[in-house]
Amino acid sequence: MADIDNKDQAEMDPADMEDVEEVEEEETGEDENSKARQLTVQMMQNPQILAALQERLDGLNGSPSGYMESLPKVVKRRVNALKNLQVKCAHIEAKFYEEVHELERKYAALYQPLFDKRSDIVKAAYEPTDEECEWKADEEEELTDEMKEKAKLEEEKKDEEKEDPKGIPEFWLTVFKNVDLLSDMLQEHDEPILKHLQDIKVKFSDPGQPMSFTLEFHFEPNDFFTNTVLTKTYKMRSEPDESDPFSFDGPEIMSCTGCTIDWTKGKNVTLKTIKKKQKHKGRGTVRTVTKTVPNDSFFNFFTPPEVPENGELDEDSEAVLAADFEIGHFIRERIVPRAVLYFTGEAIEDDDDDYDEEGEEADDEEGEEEADEENDADYDPKV
């Protein structure tokens, strides 16, 4: 996300700032005698028609269907009874998720010793044994003993030529850069700071307390700020909305709070200084004014917009918080439990494999459809 100085903005031609890429839609001519089935397929492949259809469906969302309106009064009465049962189901589901949260808290305590050992290895506080380091990769299964020995010697030779690194350098920075959701937040000036990130921990709320979780970012001493831990707390709610109980789909994040970063003087990457020239209207003299303005940075993550008591936010703040909640949930659910797999890229490859499989299935379905069309006696390839 590049920033443009006010000076540059003033010198830019408005036409340059409002470049709009115009894309011409290709119009598909339809033969008047084409079959209804072929017409339907082609219409559903037209993005404009799909968009119009989706808009229409969105407008119908939440509105009663014509069928419901046509039902006899006595049947509608019974349907209302079913809806009341559904509300009770939603409240039971809310209790279910509260117990799930308690289970997460219980098992977090069992995971934590393993995560602590991971942290010790990363920051060189603990050197794993040969037995702990033994790992049989898939590609090694077919290697002969001679090839394995040769590969081992080459690896040892490379290690001798390099300085002996401590722990696993830039572990968390590499994780962040490997995940699109997080790498989009990173700026070049953030990377030297994140090299000092040693661990990320998840802490759940205590029993009997409102549902919440806190992300703790642990840093080694550095030249950028004096904090050793930066925190982000997410408050959640697991209860149906009285005005719309059928929308309940598990716990939702209601708000989040960050922390104050005690920046070293001149090291605050969330702010930048710009110089702006101002011309006096009367005398025509020019002066240079220095201003401090917000700067794009990952560390803005720790200063989210505040949610007012009435819960109403402007569109920009809503968008920022929605993205923030997604990131917080992703770090808690995926990054912390599987950090090493995001460091190596294996977790990302698994995600890509799943996506490709879906694509292949879609291709197969398309191929079957084309075959059906060719076997159709009424099919006209010219249409």
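Note that this is a predicted model, so its numbers are computed, not measured.

Cut-offs used in this document
Residues numbered from 1 in each chain as written. Predicted model: local features only at pLDDT ≥ 70, side-chain atom pairs only at ≥ 80, totals over all residues. Heavy atoms only, no water. Helix = DSSP H or I, 4+ residues; strand = E, 2+ residues; numbered from the N terminus. Buried < 20%, exposed > 50% of the residue type's maximum accessible area, 1.4 Å probe, protein only. Contact = heavy atoms within 4.5 Å. Areas by Shrake-Rupley, 256 points an atom, 1.4 Å probe, with all protein chains shown as cover. Pairing = 2+ DSSP bridges. Phe/Tyr/Trp six-rings, centres within 6.5 Å; stacked < 30°, edge-to-face > 60°. Salt bridge = Lys/Arg side-chain N within 4 Å of Asp/Glu carboxyl O. pLDDT = per-residue confidence, 0-100. Axes fitted to C-alpha atoms, helices over the stretch in contact; angles between N-to-C directions. Patch = residues over 30% accessible without salt bridge, like charges linked within 9 Å, V, L, I, M, F, W, Y side chains within 5 Å. Lys, Arg positive; Asp, Glu negative; His and termini not counted. Charge placed at Lys NZ, Arg CZ, Asp CG, Glu CD. Polar contact = N/O pair within 3.5 Å; in protein donor to acceptor, adjacent residues only side chain to side chain. Expected span 1.5 Å × (residues − 1). Core = buried A, V, L, I, M, F, W, Y, C linked by side-chain atoms within 4.5 Å.

Visitor: Explain the overall build of the chain to me, using residue names and the numbers behind them.
Guide: Within the chain, the regular secondary structure consists of 14 helices and six strands. The 383 residues of the chain split such that 24% are buried. Within the chain, counting contacts between residues at least 6 apart in sequence, those at least 24 apart form 59% of the total. Accessible surface, the chain as shown: approximately 28,700 Å² in total, 48% of it carbon and sulfur.

Visitor: Tell me about the pairing of strand β1 (residues 197-204), and name the residues and values.
Guide: Burial runs high along β1: seven of the eight residues are buried. Of the pairings in the sheet, the one linking β1 to strand β2 (residues 212-219) comprises seven bridges and is antiparallel in character. Considered in β2, the bridge of Val202 is made with Leu215.

Visitor: Go over the packing of aromatic side chains with me, naming the residues and quoting the values.
Guide: As enumerated under the stated definition, the model contains 21 aromatic pairs in all. Judged by centre distance (5.2 Å) and plane angle (85 degrees), the ring pair of Phe171 and Trp172 falls under edge-to-face. Here Phe171 matches Trp172 in class, with each residue buried. Between the aromatic rings of Phe176 and Phe298, the centroid separation amounts to 5.4 Å while the plane-to-plane angle is 70 degrees, which identifies the pairing as edge-to-face.

Visitor: I'd like to hear about the pattern of salt bridges, residue by residue, with values.
Guide: Under the defined criterion, the tally for this structure stands at ten salt bridges. With a closest N to O distance of 3.8 Å, Glu98 and Lys95 form a salt bridge. One end of the pair, Glu98, and the other, Lys95, are both in helix α6 (residues 73-122), three residues apart, so they sit about a helical turn from each other. By relative accessible area, Glu98 is classed as partly exposed at 33%. For Lys95, a relative accessible area of 52% gives the class exposed.

Visitor: Got a sec to walk through the confidence of the model for the chain? Specific residues and values, please.
Guide: In this model, the chain carries a mean pLDDT of 77, and residues with pLDDT of at least 70 account for 66%. In the predicted structure, residues 365-371 sits below a pLDDT of 50 and forms one contact with residues beyond four places in sequence or in another chain.

Visitor: So what's going on with the pairing of strand β6 (residues 286-294)? Residues and values would help.
Guide: Here strand β5 (residues 271-279) pairs with β6 via nine bridges, running antiparallel. Residue pairing for β6: Gln278 is matched across the bridge by Arg287. The loop that links β5 with its antiparallel partner β6 comprises six residues; one of these, Gly284, has a positive phi angle of about 80 degrees.

Visitor: Please set out the sheet that holds β2 residue by residue, giving values where relevant.
Guide: The strand order across the open sheet formed by four strands is β1-β2-β3-β4, and the pairing between neighbours is antiparallel. Because the sheet does not close on itself, it has two edges, and the strands there are β1 and β4 (252-257). Mean inter-strand twist for the sheet, computed between neighbouring axes without regard to direction, equals 20 degrees. Contacts between α6 and the sheet are confined to β1, β2 and β3 (229-237), with β1 contributing the most and set at about 165 degrees to the helix.

Visitor: An account of a negative patch on the surface is requested, with residue identities and associated values reported.
Guide: On the surface, a cluster of negative charge is contributed by Glu239, Asp241, Glu242 and Asp244. By the secondary structure assignment, Glu242 is in the loop between β3 and β4.

Visitor: Go over the environment of Tyr126 with me, naming the residues and quoting the values.
Guide: For Tyr126, the position within the fold is in the loop between α6 and α7 (130-133). Remark: the alpha-carbon pair of Tyr126 and Gly167, spanning 41 residues in sequence, is separated by 8.1 Å. When neighbours within four sequence positions are excluded, Tyr126 is seen to be in contact with Lys117, Asp120, Ile121 and Glu132. Of the polar contacts made by the side chain of Tyr126, one reaches the side chain of Glu132; its length is 2.7 Å.

Visitor: Can you tell me about a nonpolar patch on the surface, naming the residues and giving the values?
Guide: Nonpolar side chains collect at one region of the surface, where Leu103, Tyr107, Leu110, Tyr111 and Leu114 lie side by side and expose about 550 Å² of accessible area between them. Mapped onto the fold, Leu110 is located in helix α6.

Visitor: Can you lay out helix α12 (residues 315-335) for me, pointing to particular residues and giving the numbers?
Guide: For α12, which comprises 21 residues, the first-to-last C-alpha distance of 28 Å matches the rise-based estimate of 30 Å (1.5 Å per residue) to within 8%. Those residues of α12 not exposed but buried are Ser317, Leu321, Asp324, Phe325, Ile327, Gly328, Phe330, Ile331, Arg332 and Ile335.

Visitor: Would you mind going over the nonpolar core in detail, with residue names and values included?
Guide: Counting 48 residues, the largest nonpolar core has Phe176, Phe217, Phe298, Phe299, Phe301 and Ile331 as its most contacted members. For this core, the element with the highest residue contribution is α12, accounting for six residues. Setting aside residues no more than four positions away along its own chain, Phe298 makes contact with Phe176, Met185, Leu186, Asp190, Leu194 and Phe217.

Visitor: Outline unusual backbone geometry, supporting the account with residue identities and numerical values.
Guide: With glycine set apart, most residues show a phi of negative sign, and most peptide bonds adopt trans. With a phi close to 70 degrees, Ala124 is a non-glycine residue in the positive phi region. Mapped onto the secondary structure, Ala124 falls in the loop between α6 and α7.

Visitor: Residues and numbers for the side chain of Thr270, please.
Guide: Counting through the fold element by element, Thr270 comes out in the loop between β4 and β5. Look at Thr270 and you get buried, because its relative accessible area is 14%. Engagement of the side chain of Thr270 in a polar contact is seen with the side chain of Asn268, the distance being 2.5 Å. For Thr270, the contacting residues outside a window of four places in its chain are Trp263, Val293, Pro294, Asn295, Ser297, Phe299 and Asn300.

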